Protein chains: 2
Amino acid sequence: MTEYKIALLGFGGVNRALAQLVAEKNDVWAQELGFTLKIVGVSDIFLGSVIGKEGIDPKALVAVPATKGAFSSLDNGCAEPANETVIRFTGADIVAEATFTNPVDGEPANTFCRWALEKGVSVVTTNKGPVALHSAALKKLAASTGAAFEFEGAVMSGTPVIRMAQETLAGSEITGFKGILNGTSNFILSSMQAGLDFGSALAKAQDLGYAEADPTADVEGHDVRLKVVILANELLGAKLTPNDVCCEGISKITATDVENAARQDSRWKLIGSAQRSASGTVTASVSPQLLQNSDALAGVSGATNAVTFETNLLGPITVVGAGAGRIETAYALLSDIISIHKNKTKRAI
Amino acid sequence: MTEYKIALLGFGGVNRALAQLVAEKNDVWAQELGFTLKIVGVSDIFLGSVIGKEGIDPKALVAVPATKGAFSSLDNGCAEPANETVIRFTGADIVAEATFTNPVDGEPANTFCRWALEKGVSVVTTNKGPVALHSAALKKLAASTGAAFEFEGAVMSGTPVIRMAQETLAGSEITGFKGILNGTSNFILSSMQAGLDFGSALAKAQDLGYAEADPTADVEGHDVRLKVVILANELLGAKLTPNDVCCEGISKITATDVENAARQDSRWKLIGSAQRSASGTVTASVSPQLLQNSDALAGVSGATNAVTFETNLLGPITVVGAGAGRIETAYALLSDIISIHKNKTKRAI
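Residues numbered from 1 in each chain as written. Chains lettered and ligands numbered in written order. Predicted model: local features only at pLDDT ≥ 70, side-chain atom pairs only at ≥ 80, totals over all residues. Heavy atoms only, no water.

**Some thoughts on the interface of chain B and chain A**
Inference 1: On the side of chain A, 35 residues touch chain B, which itself brings 35 residues to the contact.
Inference 2: In total, chain B and chain A occlude about 3,100 Å² of area from one another, counting both sides; carbon and sulfur atoms represent 62% of this.
Inference 3: When the buried area of chain B at its contact with chain A is split by residue, T168, L313 and Y331 of chain B rank highest and sum to 20% of it.
Inference 4: In this structure, the connection of chain B to chain A is made through two salt bridges.
Inference 5: K25 of chain B serves as the salt-bridge partner of E173 of chain A, at 2.8 Å between the closest nitrogen and oxygen.
Inference 6: The tally of links from chain B across to chain A stands at ten residue pairs in polar contact (both at pLDDT 80 or more).
Inference 7: Listed by contribution, the elements that provide at least two residues to the side of chain B that touches chain A are α1 (13-32), α6 (162-168), β13 (315-321) and α12 (326-348) of chain B.
Inference 8: Broken down by element, the residue count for the side of chain B that touches chain A peaks at nine residues, all from α12 of chain B.
Inference 9: Inspection of the sheet shows strand β13 (residues 315-321) of chain A paired to β13 of chain B by three bridges, in the antiparallel sense. Opposite T318 of chain A, over in β13 of chain B, you have V320 of chain B as the bridge partner. (Contact = heavy atoms within 4.5 Å. Buried area = accessible area lost by both parts, 1.4 Å probe. Salt bridge = Lys/Arg side-chain N within 4 Å of Asp/Glu carboxyl O. Polar contact = N/O pair within 3.5 Å; in protein donor to acceptor, adjacent residues only side chain to side chain. Helix = DSSP H or I, 4+ residues; strand = E, 2+ residues; numbered from the N terminus. Pairing = 2+ DSSP bridges.)

**A short note on the pairing of β13 of chain A**
Residues and elements named next belong to chain A.
Inference 1: Across the seven residues that make up β13, a large majority, five, are buried.
Inference 2: Here strand β12 (residues 305-311) runs beside β13; their pairing, made up of seven bridges, is antiparallel. Note on β13: the bridge partner recorded for T308 is T318.
Inference 3: Linkage of β12 to β13, two consecutive antiparallel strands, is achieved through a turn of three residues. (Buried < 20%, exposed > 50% of the residue type's maximum accessible area, 1.4 Å probe, protein only.)

**Some points on the relation of the copies chain B and chain A**
Inference 1: Mapping chain B onto chain A is achieved by rotating through 180° and translating by 0.0 Å along the same axis, at an RMSD of 0.0 Å. Put plainly, the chains are arranged around a two-fold axis. Taking C-alpha positions as reference, the residue of chain B nearest the rotation axis is V319 of chain B, located at 2.2 Å.
Inference 2: Most of the interface of chain B is mirrored in chain A: 100% of its interface residues are interface residues there too. (Least-squares fit on C-alpha atoms with pLDDT ≥ 70 in both.)

**Looking at the sheet that holds strand β1 (residues 2-9) of chain A**
Strands pair in a sheet through their backbones, by hydrogen bonds, and they do so in one of two ways: parallel or antiparallel.
All names here are of chain A.
Inference 1: Here seven strands make up an open sheet; going across it, the order is β4-β3-β2-β1-β5-β6-β7 and the pairing mixed. What marks the edges here is a single partner per strand, and that holds for β4 (77-78) and β7 (149-150).
Inference 2: Here four bridges tie strand β2 (residues 35-44) to strand β3 (residues 48-51), and the two strands are oriented antiparallel to one another. By the bridge assignment, D44 is partnered in β3 with G48.
Inference 3: Along the sheet, helix α1 (residues 13-32) makes contact with β1, β2 and β5 (94-97), crossing β2 at roughly 165°. (Axes fitted to C-alpha atoms, helices over the stretch in contact; angles between N-to-C directions.)

**Considering the domain arrangement of chain A**
Residue and element names in this part refer to chain A.
Inference 1: On domain assignment, one finds that chain A holds domain 1 (2-158 + 327-348) and domain 2 (162-321).
Inference 2: Taking the mean C-alpha position of each, domain 1 and domain 2 sit 28 Å from one another.
Inference 3: Counting from both sides, the interface comprises 17 residues of domain 1 and, opposite them, 18 residues of domain 2.
Inference 4: Together, the buried faces of domain 1 and domain 2 total about 1,400 Å²; carbon and sulfur atoms form 66% of this surface.
Inference 5: Interface area lost by domain 1 to domain 2 is led by A132, V155 and M156, which between them contribute 44%.
Inference 6: At the junction of domain 1 with domain 2, the criterion picks out four salt bridges.
Inference 7: For D223, the salt bridge goes to K128, with nearest N and O atoms at 3.2 Å.
Inference 8: At the junction of domain 1 and domain 2, the tally comes to eight residue pairs in polar contact (both at pLDDT 80 or more). (Domains from an automatic or database assignment.)

**Details of the packing of aromatic side chains**
Residues and elements named next belong to chain B.
Inference 1: According to the stated counting rule, one finds ten aromatic pairs over all chains in the structure shown.
Inference 2: A ring pair is formed by F112 and W115, whose centres lie 5.9 Å apart and whose planes are at 40°; its orientation type is tilted. Linking F112 with W115, this pair stays in helix α4 (residues 109-118), spanning three residues, or about one helical turn.
Inference 3: Looking at F112, the relative accessible area reads 7%, which means it is buried. (Phe/Tyr/Trp six-rings, centres within 6.5 Å; stacked < 30°, edge-to-face > 60°.)

**Considerations on the packing of helix α4 (residues 109-118) of chain A against helix α5 (residues 128-145) of chain A**
Residue and element names in this part refer to chain A.
Inference 1: Where α4 contacts α5, the axes come no closer than 9 Å and their chain directions differ by 10°. Put simply, α4 runs roughly parallel to α5. Judged by residue contacts, A109, N110, C113, R114, L117 and E118 of α4 engage P130, H134, A137, L138, L141, A142 and T145 from α5.
Inference 2: For the contact of α4 with α5, the class distribution of residues is eight nonpolar, three polar and two charged. (Parallel < 35°, antiparallel > 145°, perpendicular 65-115°, else oblique. Nonpolar A, V, L, I, M, F, W, Y, C, P; charged D, E, K, R; others polar.)

**Comments concerning helix α10 (residues 222-236) of chain A**
Because each turn of an α-helix spans 3.6 residues, side chains separated by three or four positions in sequence point in the same direction.
Inference 1: In a regular helix each residue adds 1.5 Å, so 15 residues correspond to 21 Å; α10 of chain A covers 20 Å between its end C-alpha atoms and thus fits that length.
Inference 2: Burial of α10 of chain A is extensive: 13 of the 15 residues sit out of reach of the surface. (Expected span 1.5 Å × (residues − 1).)

**Details of the nonpolar core**
Inference 1: Counting 211 residues, the largest nonpolar core has F309 of chain A together with F309 of chain B as the members making the most contacts within it.
Inference 2: Filtering out sequence-adjacent residues up to four positions away, F309 of chain A remains in contact with V161, M164, A165, L169, I174, G176, F177, L235, G315, P316, I317 and V319 of chain A. (Core = buried A, V, L, I, M, F, W, Y, C linked by side-chain atoms within 4.5 Å.)

**As for the side chain of T36 of chain B**
Residues and elements named next belong to chain B.
Inference 1: Tracing the chain through its elements places T36 in strand β2 (residues 35-44).
Inference 2: By relative accessible area, which is 14% here, T36 ends up buried.
Inference 3: The residues contacting T36, other than those within four sequence positions of it, are T2, E3, Y4, N26 and A30.

**Notes on the sheet that holds β13 of chain B**
Inference 1: Strand order in the open sheet formed by twelve strands is β9(A)-β11(A)-β10(A)-β8(A)-β12(A)-β13(A)-β13(B)-β12(B)-β8(B)-β10(B)-β11(B)-β9(B), and the pairing between neighbours is mixed. Bordering the open sheet on either side are β9 (246-247) of chain A together with β9 (246-247) of chain B, each of which pairs with just one other strand.
Inference 2: Contacting β8 (174-180), β9, β10 (266-276), β11 (282-292) and β12 (305-311) of chain B, helix α10 (residues 222-236) of chain B runs over the sheet at an angle of about 40° to β10 of chain B.

**Concerning the side chain of E173 of chain B**
Inference 1: Tracing the backbone through its elements, the reader meets E173 of chain B in the loop between α6 and β8.
Inference 2: According to the relative accessible area criterion, E173 of chain B is buried, its value standing at 17%.
Inference 3: If near-sequence neighbours (up to four positions away) are discounted, E173 of chain B is found in contact with K25 of chain A together with E310, T311 and N312 of chain B.

**Structural notes on unusual backbone geometry**
All names here are of chain A.
Inference 1: In this chain, E107 is followed by P108 through a cis amide linkage whose omega measures 0°.
Inference 2: Mapped onto the fold, P108 is located in the loop between β5 and α4.
Inference 3: One non-glycine residue, M156, lies in the positive phi region at around 60°.
Inference 4: The residue M156 is located in the loop between β7 and α6 (162-168) in this model.
Inference 5: According to the relative accessible area criterion, M156 is buried, its value standing at 1%.

Printed below as a string of structure tokens:
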């Protein structure tokens, strides 16, 4: 039985959910996936850090309250983060990086990824920053040390999008995609369809915890733009940066716009998309678009996400699923580890 | 560069489209997939057979008219089928089996698959018969000779369903599925939504070539039942036969039913589904169901297919795409060959 030692960077909702899965599922994974996970270190900017090369009890981790310095209550815990130690000196095989997204330079997550990959330690991440801004360099670094760099959770949480396109749609000749890639803005548009104006719909999203106090990244399309960059670069071989993508959000959509759309058998959706031309040029954009109700994306409502891949051989293929959620995003990390395990196992046969 | 020698069993729309892809795409595949395909034999009950161990020109094959015995016009061609010779004595690495579906005993396709697998020749098939009725035995035979048995195209043509569930959703704990798995019946129900009665909608489907002269298998749910058996056995570990699945079609749905549904913000859909209980028992059924318009499957209209996987860790994941089509189904065969190639390549690293 393979046991992977994992180090958790960031201990917000996602890695806490991963620790919970480790506590509950290791026996199932042993049987069905052929491996188990052992947590050997955790570092979080708010909670502090804890190291246990022989394994940290995942149940004890999950029980730690979300209070400043709380890891100091654990054996070998302290109130300060210790990112470098946890990455470099715990003997981890895999680092699960789930710190906050920095859309400007991807730091400090990018440095965390580099520290791991330089040592040949694989990285699984749900963080859009390093993937959107530094994916090519990080993949090159990973290849040079034989480590893996996997990031299914950077787009649509655990709903398979990147791996679906690259593995199960291989050879179908993907020429573009369009997607509903932000749950908050889709929730707001769906609430407006149900009769609210933009302000009330936003307030409702904030009440329900879908939208941040500062909703700019969600409603102005900046979050979608990072995801479009990731998908365009991974699926269409582009080399885009966020500045290459025209970006318009939904804050100018009015109740009247939504009513007019309904009269035309249509709905407004915030769409992130990219297309590759015959010459190989990739153009990408984020903008509100009026979709006919017959469009596979038009019926995707609430906080659900979806993406339609345009392919030469198969026509359009749409996948609809969760775009966020603690367990759903922790599953993305698990799916990355499953992929690492499969590749390793197949190499060893 | 790897070259796979393939033998084509059946030369209707699907394998003819595969030959067309071989004619057009081998250079692209060499570059992007790492292999090319060479057709070394074809056998068809109507057209006859042709053998060419050094490779048959795929353009010449595509140009053969659909007339009885037409293969006799080719070099080394004859007017009679030669299934056993094409499978056993052409040196094929892979047999692409796309003969007609026999829902009673899966023959003669099942025997064709056995002939190939016994010799260690891999099989890729789009044929529901052998998969629904003999999958366990054929997989066991394949394992015993080191051959592969792949059948993505048996459900929803090339739209990734089986491979998506088994690979990109591994570890998500699939507990069930429900799907729109027959394009003809979905086209009829969509046409009834638009105002036609059942008879007129069926006639329209027949005019457009979606429905056969005898539409029983499509409208009475028998086609869906075979697909439900395949998915339940593959994804939920069931051991179902078609007789284990209650099956009701759409022929009793009236225009009034469809109008009443619309008034309840709902739509009738022919749903194939299966669920695994906590004790491991799998129950499956095919029946018309009233779906709320908010259901991800309700908006899937026309001949399009879709399936929603129910998972413990990710919630519902829906994939929407083509359920039929010459090129789309030929792509399913290609995707099976890509899978065989990946597994072989990884083993060789």
